Amino acid sequence: MATRYWVGGAGTWDASTTTHWSASSGGAGGASVPTSADDVVFNASSGTGVVTMSGASLSCGSLTCTGYTGTLSYSGSTACQLSVYGSLTLAAGMTFTVGNNISQYIIFQGAVTGRTLTTAGKTMPSLVINTGAGVTLQDNVTQISSSEFLVYSALDLNSKTIVASTLDLKSNANVTGGTAAITTTTFTANALSTFTLGSTTITAQDFNGGGLTYGTVQFFGTSLLRGISGVNTFGNLVLG
């Protein structure tokens, strides 16, 4: 396992270009492209300008952007996938841009415990919490309109807010919420392993509750109850 530091400002993060990768902060480029075993750091020594992420096979351990003031950008409206095998930490002083494309993903992979997601208020692409150890939110999550949020393992909402087009909790998911708030066009819950959202408020237009117990669920849109399904239990159901 190694750490790869971005250096030299503007450039392209793809699966083969080594120009901007260094083995030390502010050091010389030419180190190997990060793999799933390598932590990636963008910091004050990374330079400014736009770093364009390109390709469907990008990966890293943890991605940390503390102190970075440049721009990390998905490549236009093309498909792009970053697999993260640790935590993801964006920074308030940076710019993070995504295209209006459902196939631009951040996918949490692997079985590392204690993983976190810090968005620093940035709009996110499609998100996947894949099999293995889960993820705990450190702040609110807002996704671009044409995106999806898929959860296959553990997700701790940690009383944060999620705004997503589609939130789909798969059958092996283990989801806890606290006093979280979810706003989504389409909400789907399957036969989850663990589901503790009793104090969470969900606002949706299409709702497939999977026969589970909810706190507050409210519906919006011009056609109320357009897609409600499941023999669900509601602490508080608000129509309109």
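Keep in mind that what you see is a predicted model, and the values were worked out from it rather than measured.

Asks: What am I meant to see in the side chain of asparagine 43 here?
Replies: Along the chain, the position of asparagine 43 falls in the loop between strand E4 (39-41) and strand E5 (50-53). At 3.0 Å, the side chain of asparagine 43 and the side chain of serine 25 are in polar contact. Those residues in contact with asparagine 43 that sit more than four places away from it in its chain are Tyr5, Ser25, Thr66, Gly67 and Tyr68.

Asks: Could you clarify how one ought to interpret the sheet that holds strand E10 (residues 88-89) in this entry?
Replies: Across a sheet, paired strands are connected by hydrogen bonds in the backbone, their directions being either parallel or antiparallel. Pairing is mixed in the open sheet, where 10 strands are placed in the order E3-E1-E4-E7-E10-E13-E16-E19-E21-E23. In this open sheet, the two strands that pair with only one neighbour each are strand E3 (21-22) and strand E23 (194-196). The sheet contact formed by strand E13 (residues 115-118) and strand E16 (residues 135-137) spans 3 bridges and is parallel. Across the sheet, the residue bridging to leucine 117 is leucine 137, located in E16.

Asks: Please explain the sheet that holds strand E11 (residues 95-97) as it appears in this structure.
Replies: In spatial order, the strands read E2-E5-E8-E11; together these 4 strands make up an open sheet with parallel pairing. Of all strands in the sheet, those bounded by a partner on one side alone are strand E2 (11-13) and E11. When the angles between neighbouring strand axes are averaged without regard to direction, this sheet yields 20°. Sheet topology places strand E8 (residues 71-74) next to E11; 3 bridges connect them, and they run parallel. Within E11, the residue paired with serine 73 across the bridge is threonine 97.

Asks: Help me out: how do you make sense of the packing of aromatic side chains in this one?
Replies: The geometry of an aromatic ring pair is captured by the separation of the ring centres together with the interplanar angle, meaning the angle of the planes. Taken as a whole and assessed by the stated rule, the structure comprises 13 aromatic pairs. Seen in terms of ring centroids, tryptophan 6 and tryptophan 21 are 5.0 Å apart; in terms of plane orientation they differ by 90°. Their pairing is edge-to-face. With tryptophan 6 in strand E1 (residues 3-6) and tryptophan 21 in strand E3, this residue pair connects regions lying 15 residues apart in the sequence. With respect to burial, tryptophan 6 and tryptophan 21 carry one shared label: buried. Ring centres of tryptophan 21 and phenylalanine 42 lie 6.2 Å apart, and the angle between their planes is 75°; on these two criteria the pair is classed as edge-to-face. Here phenylalanine 42 lies in the loop between E4 and E5 and tryptophan 21 lies in strand E3, a separation of 21 residues in the sequence. Grouping residues by exposure puts tryptophan 21 and phenylalanine 42 together as buried.

Asks: For this particular structure, what's the right way to read the pairing of strand E15 (residues 126-129)?
Replies: Where a strand is regular, its side chains alternate between the two sheet faces. Burial along E15 is two-sided: Ser126 and Val128 facing one way and Leu127 and Ile129 facing the other are all buried. In terms of strand pairing, strand E12 (residues 104-108) meets E15 through 4 bridges, oriented parallel. Bridged to isoleucine 107 within E15 is valine 128. Where E15 lies against strand E18 (residues 149-151), 3 bridges are found, and the strand directions are parallel. Across the sheet, residue leucine 127 finds its bridge partner in E18, namely phenylalanine 149.

Asks: Which parts of the structure should I look at to understand the pattern of salt bridges?
Replies: Proximity of charged atoms lets side chains of opposite charge pair with each other. For the structure on display, the rule yields 1 salt bridge. When the shortest N-O distance is used, the salt bridge between lysine 170 and aspartate 168 registers 2.9 Å. Under the relative-accessibility criterion, lysine 170 is labelled partly exposed at 23%.

About the cut-offs
Along each chain, residue indices are assigned from 1 in the same order as the chain's sequence is written. Residues qualify for local features only when their pLDDT is at least 70, as the model is predicted, and side-chain atom pairs are given and counted only at 80 or more; totals for whole chains, interfaces and linings, by contrast, use all residues. Hydrogens are left out, water is left out, and the side-chain values use all remaining heavy atoms of the structure. By definition, any uninterrupted DSSP run of H or I lasting at least four residues is a helix, any uninterrupted run of E lasting at least two residues is a strand, and each is numbered from the N terminus. Polar contacts here mean pairs of N or O atoms no more than 3.5 Å apart (in protein, one a potential hydrogen donor and the other a potential acceptor; neighbouring residues in sequence count only if both atoms are side-chain atoms). In what follows, residue pairs with any heavy atoms lying within 4.5 Å of each other are defined as contacts. Two strands form a pair only when DSSP identifies at least two bridges running between them. Each axis is a line fitted through C-alpha atoms, taken for helices only over the stretch in contact, and angles between the N-to-C directions span 0 to 180 degrees. Within 6.5 Å between ring centres, the rings of Phe, Tyr and Trp (the latter by its six-membered ring) count as paired, and their orientation is classed by plane angle as stacked under 30 degrees, edge-to-face over 60, tilted in between. Buried residues are those whose accessible area, probed at 1.4 Å on protein chains only, stays under 20% of the maximum for their type, while exposed residues exceed 50% and partly exposed ones sit between those limits. Any Lys or Arg side-chain nitrogen found within 4 Å of a carboxyl oxygen on Asp or Glu counts as a salt bridge.

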